[in-house]
Each structure stands twice: as structure tokens, then as C-alpha cells.
Amino acid sequence: MRVGLEFDETRPVALRATDLWKSYDEGTVAVLKGVDCEVFAGQTVALCGPSGCGKSTLLHLFGGLDWPDRGLIAVNGVEIDRHSNLLRLLRHEVGFVFQLHNLIPDLTLAENCLIPTVAAGIDRPTAMTRLGELAERTGLSHRLNHRIQKLSGGERQRTALCRALMNRPKILLADEPTGSLDEKTSSIVFDLLLDVVAAEGITLLMATHDRSFARRCDRLVEMHDGKILEHTYAS
Amino acid sequence: MIFLKLIATNLRRHHIRSLISVAGIAFSVAAMLTVVTILQGAIGMFSRILSNDSEVIVFERDVSDLFFSNVPADAAAQISSWSIVAHANPVLFGIVSSEGHPIITCFGVTPTDARIQKAEWLLGDRGSFARQTDDVVLGSRAARFLSATFGSRVQIGHATFHVIGVLKTANGFEDGGVFMPLASAQSFFHKEGTSSVITVKLRNKDAIATFKNMIAAKYPDLTALEDVEFTRSYSQFRILKATAWAVGGCGLLLGGLGVANTMIMSVFTRIREIAILRVNGFSHMQIGGVIFGESAVVSAFGAVVGLLFGTCFLYALKLIPALDGYVDTNLHPLLVLIVLMLALLTGVAGCLYPAVYAMRVRAVEALRFE
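Parameters at a glance
Residues numbered from 1 in each chain as written. Chains lettered and ligands numbered in written order. Predicted model: local features only at pLDDT ≥ 70, side-chain atom pairs only at ≥ 80, totals over all residues. Helix = DSSP H or I, 4+ residues; strand = E, 2+ residues; numbered from the N terminus. Rg over C-alpha atoms; globule rule 2.2 N^0.38 Å. Contact = placed C-beta atoms within 7 Å. Buried ≥ 20, exposed ≤ 12 C-beta atoms within 10 Å, placed from the backbone. Domains from an automatic or database assignment. Axes fitted to C-alpha atoms, helices over the stretch in contact; angles between N-to-C directions. Left-handed = near helix turned anticlockwise from the far one by under 90°. Nonpolar A, V, L, I, M, F, W, Y, C, P; charged D, E, K, R; others polar. Pairing = 2+ DSSP bridges.

## Looking at the overall build of chain A
Inference 1: For chain A, the helix and strand inventory stands at 7 helices and 10 strands.
Inference 2: Taken against the 2.2 N^0.38 rule, which gives 18 Å for 235 residues, the C-alpha radius of gyration of chain A at 17 Å falls within 12% of a compact globule.
Inference 3: Projected onto the principal axes, the alpha-carbon positions of chain A cover approximately 50 × 40 × 40 Å.

Structural data, given as C-alpha cells:
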């Protein structure tokens, strides 16, 4: 099943998966079973489905963190495989936000956010300017020099969002970004996420269990047992 | 900056473990420095005994130890008469024991020997040396441990000698030694007509090659070596040096294993953190760089602490009266550099496996791991 073409064929395809297969434990646990999917530039797409249906695996494959057993992946029109420049992909093309914030606890908020810029060799003044912009937008300006242990759950997840966007990626892959937060904080973080991706023209592919959040995306893709079952467009 | 902060953070997070690693390297460096410096000092002292106002040593060819060398006494007289030679002094080395003192070094020398002529005489008159066969001169440390002074009689080995002087030299071996007339020493050690070495001063240093050729032609059983050449090639010195470096090396190896252990634990306990760095664009080399950086900091810090500790230890040894004159506290800059480099290399080698392990961490698996 091909999904997503109906969104806007004039836009370039940001993410494309073609007949994607992935299994674990030497092929005994099949996670993806022939996934075809396209996400257009600037689109926000929610991946929904029960635990273990392959949402996270699909995100990891798009981010170059794992390899499919079979099938093709293209990011911004460039096919990626084991020989691709994965560092370029991770440093400049995609940003990740996980369910757990995955911040380094002994560093400050600012230091955590600067990690991707250090990896990419971005000069400090440029990095600090970008950090200022994102901190302002996410309401974290007053917490820049605080250690992660001192931040609330929502602040930590907002920090993770800032970090993911530091190098101005064109694509944001979010794996249940509000999954570890309470309802109120989840809502705040999700609103912020949508605001930021809209403001920066970022393509968002987000795995989530929260239907209410999923319905606020441009498209909802339903996964089940390693396959894409259907897709729904925002009205 | 963040890179350095990551290194510092990881070391601070497990500070006790980091400190133990630093201590491991520090003790290793201190041990190596101390052992090598003491042995080099000892070798230097022994070399200076041989090179006292001379630049060439003549001794029996192919002997394993100078104490076994037998140089005919008439050779010294012959060599002295050569026009290129300023002076040639036979010296007989011997070791005896006396009650409470298992090792006393004896030097059988002639009255013209530089040790007698140039040393600072604390008691007695240098002109009186070798007038009587049972006269001896003691180094100041020997006088102390033998409880002897000018005019007293001392038991050395099986014989009793009359102390006619006490002299002070900067050389620990000489200062703890007994100087006796060559003839008395030959008789005492049953080496009549021989000496252990002949120390030779040439009129012109450029004539060393000529001198060696003359010795080879005239005395095929003897060999002549420059002082430096002798120090470099003498098998006993080489064994001592090799032993010192081996002992120090073992110490350093243990220190390196400590660093390896720390770094392995450090990597294993932050697999997730390494995965986070990877997801945020850190290359394998950058991740390896963090691990190498931590190890380098531990090693460098350990090396500096070890250097300070070793130096203090050497000075402390020098203050022990029994070791006075035997311990040379002069740290050779090259030795310090070698030890520091070895410490750094050991530390870096110790983190090879942890670094490779960290570089191979698969982010997707590590992030699943809670």
C-alpha cells in the first residue's frame, strides 16, 4: 500500500520507505513486513498503533540508526545505506526526540543542547545564537545554566526538543515524545512541538499512542503488525 | 569546550575510581623513577670511581666483572712511560666484610692517585699515605660506620689496620670505602703483582684511538675503553639498567591495567550516554576521543603526581644517613621525559579496548537498554 501521495504531490518527498522489511533475533521476530511510506517536506505525520507494531523501528531506520533487512530508504531524496554518509544525516538532516529525554544528567541544559553543534563542528557563537533562539521559543531561557537534574519532566523534554533542532535539521523524528509526561505537560510539550516545526518548516514523523495528538497532525498513519494499514488526513 | 566538559564530567562522576587510577599511574611512575634514578646514580658513582681524573680505563679483556680483572702491575709503569700518556694509575678493587658490616669496598691505590691527591682530607695528611703497609685511609662514611678516627685501629676482614686519615668525597662508594696502599691491597686480596684496572689520562684526548691501538698491539689480553664507552658497554651496568627498566616497566604495566579497568567500567556504565552522543552526530572517532581524553587526563595527572612523589621519595632516601652519598637525586630530564611518555602511552594503551568498545556501541540497541 502506498500512502501519502495524496497530500501534495508538488512537494518534495522528505522520507520514503519502499518495501521495508526488518526482523530481530536472527529473523525470528519480524517487526516490519514490507512497509511503503512517503512523508512530504513540511508535513506532520503521526504513526499510531499498538506497542511492538514497528513504529520505533521505522523511525530508527529513517534516522540511520538501524538497517532494514530488505527495502529502500530515502531521506530528502537521497537513498541511504550502510555506505552512506550517516554522520551528515545525523548531524544535519534529522533530529531525534525520544520518549525518555536522553539528556546527559551531569551537564547543564545549555551544554546538552550544544552537543550536536560540537559533533558537527559548528562554531560556538553560531551555536549560542541558535540556542538562544530555541530557548526563547521553548521558554527555557532562564534555565540554560541549570543542570538536568534540576529540571522538571516537561522542561527536560523541551530541552530534548531544543537539542534535536540545534543543527537546523529538515526532519524531526519523534518517538512518543510525550509518553513519559503527565497529561497537562504532554499537551504543553506537544503544542510547542507543533509550533516549532511549523515555524521552522520541519517535517515531523512522530510515533504516538495518543490519538488526540495524532489527529492534530497533517496525517495519521496506522500501523499494525509491521504493516501500514491506513492513513487519515486532517480535515 | 563541551568535549572537555564531557571528559571532566565522566572522571568526576566516578571520582574515587578515577583517583585510584591516578594513584596507580602515580605509584608506577614514582617506582620507575626511583628505581631507575637510584640505579643510574649508582652506575654513575661507579663510573666516576673509574674515571677519577682519567678518560680511559684499561682492564682484562672479556671479564664479566671488574673485580675479576687482573692487569699486570708492570703494565701501569710501561703505559705511564708512553709519550701520549699524562699519567696511568693502577687501582685494585676488593670487597671484604667485617663484624656488622657485610660489605666494605677497598681501593688499592698509589699515592699519586687522584682519590688521594684531590679528595678533601678531613683528618690526617695526604703526604703520609702508603708509608706503612698497614696504613689505611677511610672515607668519611666508612669512618662513621666503623666507628674509627685518625690514629685508631680497625678490623677489616682478617686484618687490623691503622687509620692515618679520613677523607671526604662526593661519591658514595668512595666515601664508604677504605683506601689502602696498592701493595698492601695486593697482598690482602692475594693478587700480588696485579691490579683490577689502570686508569689513564692522556696528554691529548684526540689520541684515544692511537692509545687503544697501542694497548691492542702491546697487551692482547687487555682492553682499553673510554669512560663513556665503558659505562655504555659494561655488562653489569647493562644488566642493572635492564633490570631497573624492567621493574619500572612492570609497575607501569600494572598502572596501565588499572587505567584499563577504570575505563572499561566507565564505558560499560554509560553505554546509553555514548548512544546519545552517537544519535546527536558524534562520529566513532569523536566518541573514541572522549574515552582517550579521559585516559590521557588520568595518565597525565598520575604522571605528574608520580613525578612529584618520586622526587620527594628520592630526597627522603637521601636524608637517610645509611644511604648518604649512594642516592643521586639528580633527575635526568631525558629520564623524566621517557617516564612521562611511557605513563601516557600506558594509559592510552590501557583505554584501547574500552575506546574500541565505545566506538562500536550501536545507538539503537543502547537506547533500548534501560
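## Some thoughts on the environment of A:Val29
Inference 1: Relative to the elements of secondary structure, A:Val29 occurs in strand S2 (residues 29-40).
Inference 2: Look past the residues within four positions of A:Val29 in its chain and what remains in contact with it is A:Ser23 and A:Tyr24.

## Points about the environment of B:Thr223
Residue and element names in this part refer to chain B.
Inference 1: Following the sequence through the fold, Thr223 ends up in strand S12 (residues 222-226).
Inference 2: Residue Thr223 is classed as partly exposed on the basis of its 18 C-beta neighbours within 10 Å.
Inference 3: Considering only alpha carbons, one finds Thr223 and Ala209, 14 residues apart in sequence, at a separation of 12 Å.
Inference 4: Those residues in contact with Thr223 that sit more than four places away from it in its chain are Phe59 and Arg61.

## Re the domain arrangement of chain B
Inference 1: Here chain B is partitioned into domain 1 (2-46 + 237-368) and domain 2 (62-220).
Inference 2: Between domain 1 of chain B and domain 2 of chain B, the C-alpha centre-to-centre distance is 46 Å.

## Remarks on the packing of helix H12 (residues 284-319) of chain B against helix H14 (residues 352-359) of chain B
Residue and element names in this part refer to chain B.
Inference 1: Interaxial distance between H12 and H14 falls to 8 Å at its minimum, and their mutual angle equals 145°. In this structure, H12 meets H14 at a crossing whose hand is right-handed. For the pair formed by H12 and H14, the contact residues are His284, Ile287, Gly288, Ile291 and Phe292 on the first element and Pro354, Ala355, Ala358 and Met359 on the second.
Inference 2: Its residues assigned to classes, the contact of H12 with H14 shows 7 nonpolar, 2 polar and no charged.

## So, unusual backbone geometry
All names here are of chain B.
Inference 1: For Ala130, which is not glycine, the phi dihedral falls at a positive 75°.
Inference 2: Mapped onto the elements, Ala130 comes out in the loop between strand S5 (120-124) and strand S6 (135-139).
Inference 3: Taking the number of C-beta atoms within 10 Å as the measure of exposure, Ala130 has 21 and is therefore buried.
Inference 4: If you check the backbone angles, His190 has positive phi at about 55° while not being a glycine.
Inference 5: One can find His190 in the loop between helix H7 (182-188) and strand S10 (194-195).
Inference 6: On the basis of neighbour count, His190 is assigned to the exposed category, with 8 C-beta atoms found within 10 Å.

## Thoughts on the pairing of strand S4 (residues 101-109) of chain B
Residue and element names in this part refer to chain B.
Inference 1: Here strand S3 (residues 85-98) runs beside S4; their pairing, made up of 6 bridges, is antiparallel. Paired with Gly94 across the strands is Cys106, a residue of S4.
Inference 2: The pairing of S4 with strand S9 (residues 178-181) spans 4 bridges and is classified as parallel. Each residue of the ladder has a partner; that of Val109, found in S9, is Pro181.

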